[in-house]
Amino acid sequence: MSPPPPPQPQPHPQFAEALRTLGLDVPVRAFPDATRTAAQAAEAIGCGLGQIVKSLIFEADGTPVLVLVDGASRVDTELVRAELGAARVRRADADLVRATTGYAIGGVPPFGHRTRTTVLADRGLLAHGTVWAAAGTPHTVFPMAPGEVVRHAGATVVDVRDRDGAA
């Protein structure tokens, strides 16, 4: 009798429910070590840094906003501010990220959040055939076409990456 197959990697339960609700069946990859940064994720997956989706929460005049950007880029908060017509935009702290999304920093997926927020996706994500995003934990990721990520996130495609620097 052969041993049972190893268990399949599982996304965060909240994200798994979001996938079920959307009727999505995506392969999830798990890693023994956390992939909290885009560089760590790209190395573990074996893909380019630009193929990693960073799901970042910002505060625009006190309201949480999700910004999706490729792993090789940094968000230009001035462009986000202008896009939203906000007076002030700043990176959200860990407590606000968890309260808004239901996930810890480093594991935030592009959709399936606790609270519905405005979502901006940088146009640079669309340059790739497949991108990889967190599946709700710092140890799990899933692949998807970037247009599908944008669609499921309910994102508006904009130009919000910093043109002067990366990461």
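Here the structure is a predicted model, which is why all the values come from computation and not from measurement. (Residues numbered from 1 in each chain as written. Predicted model: local features only at pLDDT ≥ 70, side-chain atom pairs only at ≥ 80, totals over all residues. Heavy atoms only, no water.)

1. Re the pairing of strand S7 (residues 131–134)
Within a regular beta strand, the side chains point alternately toward one face of the sheet and then the other, so they alternate between its two faces. Strand direction decides the pairing type here: S7 and strand S8 (residues 140–144), joined by four bridges, are antiparallel. Across the sheet, the residue bridging to Ala133 is Phe142, located in S8. Here S7 folds back onto S8 in antiparallel fashion, the turn holding five residues, of which Gly136 has a positive phi close to 100 degrees. (Pairing = 2+ DSSP bridges. Helix = DSSP H or I, 4+ residues; strand = E, 2+ residues; numbered from the N terminus.)

2. Focus: the sheet that holds S7
In space, the three strands of this open sheet follow the order S1-S8-S7, with antiparallel pairing throughout. Each edge of the open sheet is held by one strand with a lone partner, namely strand S1 (29–30) and S7. Together, S7 and S8 form the strand contacts of helix H5 (residues 146–153), whose direction differs from that of S8 by roughly 110 degrees. (Contact = heavy atoms within 4.5 Å. Axes fitted to C-alpha atoms, helices over the stretch in contact; angles between N-to-C directions.)

3. Topic: the sheet that holds strand S2 (residues 53–60)
If you walk across this open sheet you meet the five strands as S5-S2-S3-S6-S9, and the pairing is mixed. For this open sheet the edge positions go to strand S5 (89–91) and strand S9 (156–158), each flanked by a neighbour on one side alone. Each adjacent strand pair in this sheet contributes to an overall mean axis angle of 35 degrees, direction not counted. Sheet topology note: the strand S3 (residues 63–70)/strand S6 (residues 118–122) ladder contains four bridges and is parallel. Directly across from Val67, in S6, lies its bridge partner Leu120. Running at roughly 105 degrees to S2, helix H4 (residues 94–101) makes contact with S2 and S3 of the sheet.

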